[in-house]
Amino acid sequence: MVTLKTPEKENGFRPNFKRPRGYTVRDFPEGCGRFVAPVQPSECEEGDEDMNTLARNNCSLPSPRVDLDVVRDFPKGCGPTVVSSLKDAEEKSLVPDVKECEQRVVGHKLSVASVVDKAHNKVKKALAAYQETLSEMGGECDANFNRLKGWKLYVEAAMYLKKRHKWVNNTKKQTGDIPGVKVGDKFRYRPELAIVGLHSHFQCGIDYMTQDGEMIATSIVESGRYANETESPDVMIYTGQGGNPKVSKGEPIDQKPDRGNRALMNSKAAGNPVRVIRSYKFREESGYVYDGLYIVDDFWRERGVYGKFVFRFSLRRISGQPKLTVCNS
């Protein structure tokens, strides 16, 4: 066993020792990467100070490096291939064979069903945490409970979970379906829509985001406070936001083409899907239900029930989605 002694200080400082340099050879399979072939030079040029110094010290001379291309033996058609044209690719059999590539990538496929189940479990867990928090803060509100006090309790419980990072799908706003939420899923309280990422506003009926410098709608809530209509199971007429004395105190006024109204107008031009959440009341049960994705077909301006101008939007349900079975009564 060798013991290394700490060198004594000289003039108040210890000498600066450099660490020894080591070299390691990586034993990769033959043919991987680029191959460097050492070629010894035939002679050193006279006057080359570095070369002459190495020769005097009997050191090995540096060798010029020659890069040789190496062919990687991947399955046929896997990975990008650059050819002059599609015709050349067909002739050289360079068109990717998808099945062959998929068969060789064993153990790296994710089951779509497992991903969906995982997202759904996250949503269920977040909603369960909300119910538990509500119970701890004072329980569910009964018929004699003050409505305003109850609403504050719902919001306070939701914000409590948000501060503890218990919300899901809220990293950034997005259009289209929300992971873990299916058509027909029910929500008892309005803040639950924000907790799972369906609709971020606790009260505003139109949610939106910015895309390519323009506001576009991401979701709307049909809460029954505006004069909305359902022309058919696949078409609804939605009234824009603003100027409604049922929502905000004061006299009714003309709606303005801004905020959520502007976002729905831009969504008609952009053609992006909009999530629709409907309020429902069936016997003793009430709440909100996710209806699916809609497209904004048209919009116009007309006189509303209070004699002021409102914006009306025609939304058409995208085909191929499950039918909504929840009824109002």
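Not measured: the values here are computed from a predicted model. (Residues numbered from 1 in each chain as written. Predicted model: local features only at pLDDT ≥ 70, side-chain atom pairs only at ≥ 80, totals over all residues. Heavy atoms only, no water.)

(A) Broad picture of the overall build of the chain. For the chain, the helix and strand inventory stands at seven helices and ten strands. By residue count, 30% of the 329 residues in the chain fall in the buried class. When contacts within the chain are restricted to residue pairs at least 6 apart in sequence, those whose partners lie at least 24 apart make up 59%. For the chain, the accessible surface area stands at approximately 23600 Å², while carbon and sulfur atoms represent 51% of it. (Helix = DSSP H or I, 4+ residues; strand = E, 2+ residues; numbered from the N terminus. Buried < 20%, exposed > 50% of the residue type's maximum accessible area, 1.4 Å probe, protein only. Contact = heavy atoms within 4.5 Å. Areas by Shrake-Rupley, 256 points an atom, 1.4 Å probe, with all protein chains shown as cover.)

(B) Spatial organisation of the packing of aromatic side chains. Overall, the coordinates contain four aromatic pairs when judged by the stated rule. On the basis of an interplanar angle of 40° and a centroid distance of 4.5 Å, the ring pair of Tyr 154 and Tyr 189 is categorised as tilted. Taken as a pair, Tyr 154 in helix H5 (residues 147-163) and Tyr 189 in the loop between strand S3 (186-187) and helix H6 (191-195) lie far apart in primary sequence, 35 residues in all. According to the relative accessible area criterion, Tyr 189 is buried, its value standing at 6%. Consider the rings of Phe 299 and Phe 313, whose centres lie 5.9 Å apart with planes at 40°: the pair is tilted. Pair noted here: Phe 299 is in strand S9 (residues 285-303) and Phe 313 is in strand S10 (residues 309-317), with a separation of 14 residues, a long-range link. Relative accessible area serves as the criterion here: at 30%, Phe 299 is assigned to the partly exposed category. The ring centre of Tyr 208 lies 5.9 Å from the NZ or CZ of Lys 173, which sits over that ring. The aromatic ring of Phe 309 is capped on one face by Arg 303, whose charged end is 3.9 Å from the ring centroid. (Phe/Tyr/Trp six-rings, centres within 6.5 Å; stacked < 30°, edge-to-face > 60°. Lys NZ or Arg CZ within 6 Å of the ring centre and 35° of its normal.)

(C) Region of interest: the confidence of the model for the chain. Averaged over every residue, the pLDDT of the chain is 76; residues scoring 70 or more account for 60%. Counted against residues more than four places away or in other chains, residues 35-70, with its pLDDT under 50, gives 35 contacts. (pLDDT = per-residue confidence, 0-100.)

(D) Fine view of the nonpolar core. Membership of the largest hydrophobic core comes to 28 residues, with the highest contact counts inside it found for Tyr 130, Val 181, Val 196 and Leu 198. Put simply, the parts of the chain that give this core at least two residues each are helix H4 (112-137), H5, H6 and S9. It is H5 that contributes the most residues to this core, six residues altogether. Among residues more than four places away in sequence, those in contact with Leu 198 are Ile 178, Val 181, Phe 187, Leu 193, Ser 219, Arg 275, Ile 277 and Tyr 290. Counting 15 residues, the second largest nonpolar core, distinct from the first, contains Met 236, Tyr 238, Ala 263 and Val 274. (Core = buried A, V, L, I, M, F, W, Y, C linked by side-chain atoms within 4.5 Å.)

(E) Representation of the environment of Ala 194. The residue Ala 194 is located in helix H6 in this model. On a C-alpha basis, the gap between Ala 194 and Asn 170 in space is 8.1 Å, while along the polypeptide they are 24 residues apart. Once residues lying within four places of it in the same chain are set aside, the contact partners of Ala 194 are Trp 167, His 199, Ser 200 and Phe 202.

(F) Molecular detail of the side chain of Asp 185. With respect to the element layout, Asp 185 can be found in the loop between H5 and S3. A distance of 2.8 Å separates a polar side-chain atom of Asp 185 from the backbone nitrogen of Lys 182. Those residues in contact with Asp 185 that lie beyond four places of it in its chain are His 120, Gly 180, Tyr 288, Val 289 and Tyr 290. (Polar contact = N/O pair within 3.5 Å; in protein donor to acceptor, adjacent residues only side chain to side chain.)

(G) Quick peek at the pairing of S10. Across the nine residues that make up S10, a large majority, seven, are buried. Taken together, the five bridges between strand S7 (residues 235-239) and S10 define a ladder with antiparallel strand orientation. When the bridges of S10 are listed, Met 236 appears paired with Leu 315. Pairing of S9 with S10, which is carried by nine bridges, proceeds in the antiparallel orientation. If you follow Trp 300 over to S10, its bridge partner there is Arg 312. Counted along the chain from S9 to the antiparallel partner S10, the turn is five residues long, and its residue Gly 307 has a positive phi close to 85°. (Pairing = 2+ DSSP bridges.)

(H) Spotlight on unusual backbone geometry. Although it is not a glycine, His 165 sits at a positive phi angle of roughly 60°. Unlike most non-glycine residues, Arg 259 shows phi in positive territory, near 50°. Relative to the assigned elements, Arg 259 resides in helix H7 (residues 259-270). Owing to a relative accessible area of 41%, Arg 259 belongs among the partly exposed residues under this scheme.

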